[in-house]
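# Descriptive analysis of the structure
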Amino acid sequence: MKKIIGSLGVLVLVIVVAIGTLTTHNVSENTLDKLREKYPEKHIPSVDHSKFPQLQKKFSSPREVTAECIACHNKSAEQVMHSNHWNWEREEYIEGRGIVSIGKKNAMNNFCIGTQGNEKSCAKCHIGYGMDEKGLSFTDANNIDCLVCHDNTETYAKASNQGGAPVMTLDFNKIAENVGPPKRTNCGVCHFFGGGGDNVKHGDLSSLMFYPTNEIDVHMDADGVDLQCVDCHTTEQHTIAGKMYSLSSMNHNRAFCEDCHTSTPHSKEILNEHTLKVACQTCHIPIYAKEKSTKMFWDWSKAGKLKNGEPYSEEDSLGNHTYLSIKGSFVWERDIKPEYQWFNGTASHYLEGDIISDTTKPLVMNQLNGSYSDSESKIIPVKVHRAIQPYDPINKILIQPKLYSDNKGEGAFWVDFDWETASTEGMKDAGLPFSGKVDFIETEMNWPINHQVSTSKSSVQCAECHTRENSRLAQLNDFYMPGRDYSKVIDLIGIWNIILALFGILIHGTFRFIAAKKLKNGVNE
Amino acid sequence: MTKKVYVYRSFERFWHWLQAILIIFLAFSGFEIHGLYKFFGFEEAVLYHNIAAYLFIILIVFAIFWHFTTGEWRQYIPTYKNLSKQMQYYLWGMFKNEPHPTKKTVLRKLNPMQKLTYFGLKVLVIPVMVTSGLLYMLFRYPQGNEIQYLNIASLEIIALVHTIAAFFLISFVIVHLYLITTGETLTSNLKAMLTGYEELEDDDESETKKLEENK
């Protein structure tokens, strides 16, 4: 009877092990299969623009093209003029500040610092024409640059320092007749070159993303699923989902991996459990700036050195600028492990004129809000761009220098190389006070990493975070993580407890051995 | 006069040895998760630790059932009677070749020190281990922060309690492995737990009778 109970127990245990190890849930396969079916479907346009006579007339300016676009698409101009792409600012609620208007117009960064006074140059990446120092393109619908986003010929290009105007040698008829949904090339010409060069700002958006391989990005893999930017950055009425927290502050209109993949996409349940606190990107983007370097450090204080009265540049072996007289010295890196931060979808920003409360530690230009205890927060990978940039030590505000000008003598730093006049002019344009003193302060800017998703095989492994040494999450110490954390006191007491037990056994055993020997001898005698 | 007596029944031995294997395996995989060394790899260590943990819990359920249906749970009721004598025996009586102060019988398998220790394990260390382990495994997941009342803010306390209990268990296993050599001969206790039979002083007819009935 007892033997039967015993073997019954064994049988039950074996069954449980089998269930425990063999059961996996198969949501992931189905979801992935569905996605793989959905996205390669070819887009069939509803109209053929080459058949429209109004697009076959001779265009002498891009504004004339726009006029024809909005003659048929007669509500699109209104949509575009409500978009962030057009306005360079939006109303946002920021914790502790209330509702503010924030955007490229008034936020500052630690690359080229800000747009104020430099609009003509910055407008190369504005979706409009005719931007001048006062930002005056913002009210005229004919200034909308439809083509930069909708050209499907991949020939459209903007001219430098022309307030957003295109190169005038383009074949506008060919372009206008071949418009369609934006492709990676349309978005990429601006967004892959933010900060004035390939992959300078984002780190996860380089020119390799035009036609990436599977290793660079599994989604946009040109030979694979070949997703376009707008497949994830879904767009309604010219409002595009997903934004960058260099400028945005609010937790709305975001694009999530979960939108397609669900929040429990893994076959291993223990991985699905992680998605409550860990963003997908954290494990699935083990490195960013793949193959193409990104700027990690920018020292403005070194700018302005001249050789024989002329500005000069220095490059590293990969062709990245390490020094430019107009901008200072740089550190570039590639194939970088991200830093990690808690993030709940809201950020606060340093805006023009904000007083720096503590000038002894680095100023965070865009603080990503979040913590372990905040149930909305997840761990995300971040590129932290560090810089040393000019500030006014008397007024304790960051300086917006005037950088670009067509002519010498207007105080622009990139022409005249003088911090004081560049600051005086820049601060005047921005309507900010300037004491006349220029000093430099360390700043940090956070760029959440969302692209260059790796194959599942190369995703971050458990032990890269769950380890005592060199954990990827070593910086995040507001919570207990198995494998990384332990109590030194408990471990010390526990290990000494074991040592003392062994020591006690050794002593006791020795006494027993001696006693037994004595006894034996006694018997023998 | 000694007689070979059937002391440990088959389920008891099965329970004991499976428990021993599981505790050692749980400790080995557990301290890898704790970060003390690398063997399975973190992911596998967690997987195996969790499976072994569920097996252990099932075993405990069976053992509790067995203890109550057989009445064997009474063996573990702690007593102060003879406790100090037993301690004195281990501290010096043993070296003078004095006899065991507690006579081992089928109805009294445990000496007072064993009773106290195993009672402590059963009502304190194992329950703490199981409870903290279950909380550790199920921490925040079953309700995903949806139910405030079930929300546990931090894993830290759970993990530290689990660690403390683990160190206790390890120390127990070490001392236990040594103390089983203190039977009539070095291996008589081990043999008894393997075969179920042990040479016991035959001075109680009624107990032997009961034993026969049980068989």
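Scroll up to find the structure this text is about.
Since we're looking at a predicted model, the values are computed, not measured.

Basis of the calculations
Residues numbered from 1 in each chain as written. Chains lettered and ligands numbered in written order. Predicted model: local features only at pLDDT ≥ 70, side-chain atom pairs only at ≥ 80, totals over all residues. Heavy atoms only, no water. Helix = DSSP H or I, 4+ residues; strand = E, 2+ residues; numbered from the N terminus. Buried < 20%, exposed > 50% of the residue type's maximum accessible area, 1.4 Å probe, protein only. Contact = heavy atoms within 4.5 Å. Expected span 1.5 Å × (residues − 1). Arc of directions from axis to C-beta. Polar contact = N/O pair within 3.5 Å; in protein donor to acceptor, adjacent residues only side chain to side chain. Core = buried A, V, L, I, M, F, W, Y, C linked by side-chain atoms within 4.5 Å. Domains from an automatic or database assignment. Lys, Arg positive; Asp, Glu negative; His and termini not counted. Salt bridge = Lys/Arg side-chain N within 4 Å of Asp/Glu carboxyl O. Buried area = accessible area lost by both parts, 1.4 Å probe. Axes fitted to C-alpha atoms, helices over the stretch in contact; angles between N-to-C directions. Parallel < 35°, antiparallel > 145°, perpendicular 65-115°, else oblique. Nonpolar A, V, L, I, M, F, W, Y, C, P; charged D, E, K, R; others polar. Left-handed = near helix turned anticlockwise from the far one by under 90°. Phe/Tyr/Trp six-rings, centres within 6.5 Å; stacked < 30°, edge-to-face > 60°. Lys NZ or Arg CZ within 6 Å of the ring centre and 35° of its normal.

### Things to note about the overall build of chain B
The helix and strand inventory of chain B stands at seven helices and two strands. Starting at the N terminus, the α and β elements of chain B follow one another as β-α-α-α-α-α-α-β-α. In chain B, which comprises 215 residues, the share counted as buried stands at 46%. The long-range share in chain B, meaning contacts at least 24 apart out of those at least 6 apart in sequence, stands at 69%.

### Topic: helix α15 (residues 419-430) of chain A
One turn of the α-helix equals 3.6 residues, which is why residues spaced by three or four share an orientation. All names here are of chain A. For α15, which comprises 12 residues, the first-to-last C-alpha distance of 16 Å matches the rise-based estimate of 16 Å (1.5 Å per residue) to within 8%. Those residues of α15 that fall on the buried side of the exposure criterion are Trp419, Ala422, Ser423, Gly426, Met427 and Ala430. Buried residues of α15 fall within an arc of 120° about the axis and therefore sit on the same side. As for α15, its buried residues are in contact with β13 (378-392), β14 (397-398), α14 (413-416) and β15 (439-448). Taking the backbone nitrogen of Glu420 as reference, a side-chain oxygen 3.2 Å away marks Asp418 as the first, capping residue of α15. The positive-phi residue at the C-terminal boundary of α15 is Gly431, with phi of around 70°.

### Re the nonpolar core
Core analysis: the biggest nonpolar cluster contains 54 residues, and Ile379, Leu473, Leu476 and Phe479 of chain A together with Leu22, Phe56 and Leu169 of chain B have the highest contact counts within it. Put simply, the parts of the chain that give this core at least two residues each are β9 (339-343) and α17 (488-524) of chain A together with α1 (10-33), α2 (42-70), α4 (112-138) and α5 (156-179) of chain B. Looking at which element gives the most residues to this core, the answer is α5 of chain B, with 12 residues. Shared between two domains, this core takes at least three residues from each, and those domains are domain 2 (195-399 + 438-483) and domain 3 (486-516) of chain A. In this structure Leu473 of chain A touches Tyr340, Ile379, Cys465, Met481 and Arg484 of chain A, once residues within four positions along its chain are discounted.

### Quick word on the side chain of Lys201 of chain A
All names here are of chain A. Looking at where Lys201 falls in the secondary structure, it is placed in the loop between α9 (184-191) and α10 (229-232). Although Lys201 lies buried, it forms no salt bridge, and the closest oppositely charged side chain, Asp204, sits 12 Å away as judged by the N-O distance. Ignoring anything within four residues of it in the chain, the contact list for Lys201 reads Asn109, Phe111, Gly194, Gly195, Thr294, Lys383 and Trp447.

### A look at the interface of chain B and chain A
Taken together, the contacts link 44 residues of chain B with 41 residues of chain A. Regarding the contact of chain B and chain A, the summed buried area is about 4,000 Å², with carbon and sulfur atoms giving 71% of it. The largest contributions to the chain B side of the interface with chain A come from Phe42, Phe95 and Tyr178 of chain B, which together make up 16% of the buried area. Linking Lys268 of chain A and Glu43 of chain B is a salt bridge whose minimum nitrogen-to-oxygen distance equals 2.8 Å. Here chain B and chain A share 10 residue pairs in polar contact (both at pLDDT 80 or more) between them.

### What to know about the environment of Asn186 of chain A
All names here are of chain A. Turning to its location among the elements, Asn186 is positioned in helix α9. The exposure class of Asn186 is buried, given its relative accessible area of 8%. Spatially, the C-alpha atoms of Asn186 and Thr153 are 9.7 Å apart, while their sequence positions differ by 33 residues. Beyond its immediate sequence surroundings of up to four residues, Asn186 is in contact with Leu147, Val148, Cys149, His150, Asp151 and Asn152. From its side chain, Asn186 meets the backbone oxygen of Asp151 in a polar contact 2.7 Å long.

### Quick look at the pattern of salt bridges
Residue and element names in this part refer to chain A. As enumerated under the stated definition, the model contains 22 salt bridges over all chains in all. The residue Asp354 makes a salt bridge to Arg97 at a minimum N-O spacing of 2.8 Å. One end of the pair, Asp354, is in the loop between β10 (347-349) and β11 (363-364); the other, Arg97, is in the loop between β1 (90-94) and β2 (98-102), with 257 residues separating them in the sequence. Among the residues examined, Asp354 registers a relative accessible area of 17% and is labelled buried. On the basis of relative accessible area, Arg97 is assigned to the partly exposed category, the value being 36%.

### Here's the deal with the environment of Tyr480 of chain A
With respect to the helices and strands, Tyr480 of chain A occurs in the loop between α16 (462-465) and α17. On the basis of relative accessibility, which here comes to 7%, the residue Tyr480 of chain A falls in the buried class. Spatially, the C-alpha atoms of Tyr480 of chain A and Tyr372 of chain A are 9.8 Å apart, while their sequence positions differ by 108 residues. Residues contacting Tyr480 of chain A, with those up to four places away along its chain left out, are Asp485 and Tyr486 of chain A together with Tyr136, Leu155, Glu156, Ala159 and Leu160 of chain B. At a separation of 3.1 Å, a polar atom in the side chain of Tyr480 of chain A contacts the main-chain carbonyl oxygen of Asp485 of chain A.

### Section: the packing of α1 of chain B against helix α6 (residues 188-195) of chain B
Residue and element names in this part refer to chain B. Axis separation between α1 and α6 bottoms out at 8 Å; the angle between their running directions is 115°. Taken together, the axes of α1 and α6 are roughly perpendicular relative to one another. Residue-level inspection shows Arg13, His16 and Trp17 of α1 in contact with α6, the latter providing Leu190, Ala192, Met193, Leu194 and Thr195. Each residue belonging to the contact of α1 with α6 can be placed in one class, and the counts come to five nonpolar, two polar and one charged.

### Topic: the packing of α4 of chain B against α5 of chain B
Residues and elements named next belong to chain B. It is at 9 Å that the axes of α4 and α5 come closest, and there the two elements cross at 145°. Two packed elements cross with a definite hand, and for α4 against α5 that hand is left-handed. Taken together, the residues of α5 that come into contact with α4 (itself represented by Thr117, Tyr118, Leu121, Val125, Ile126, Val128, Met129, Ser132, Gly133, Leu135 and Tyr136) are Ile158, Ala159, Val161, His162, Ala165, Ala166, Phe168, Leu169, Phe172 and His176. Within the contact of α4 with α5, the residues separate by chemical class into 16 nonpolar, five polar and no charged.

### Some points on the packing of aromatic side chains
Per the stated rule, a full pass over the model turns up 30 aromatic pairs over all chains. Ring plane angle 85° and centroid distance 6.1 Å describe the contact between Phe111 of chain A and Trp298 of chain A, whose orientation is recorded as edge-to-face. Of this pair, Phe111 of chain A sits in the loop between β2 and α6 (119-122) while Trp298 of chain A sits in strand β5 (residues 294-299); the two residues are 187 residues apart in sequence, bridging distant segments of the chain. With a relative accessible area of 0%, Trp298 of chain A lands in the buried category. An angle of 80° between the planes, with centres 4.9 Å apart, marks the rings of Phe39 of chain B and Phe40 of chain B as edge-to-face. Through a chain of ring-to-ring contacts, the aromatic side chains of Phe111, Trp298, Trp300, Phe330, Phe413, Phe417, Trp419, Phe440 and Trp447 of chain A assemble into a single cluster. In this structure, Lys295 of chain A is placed above the aromatic ring of Trp298 of chain A, and the distance from its NZ or CZ to the ring centre is 4.2 Å. Sitting over the ring of Phe330 of chain A, Lys295 of chain A keeps its end group 3.6 Å from the ring centre.

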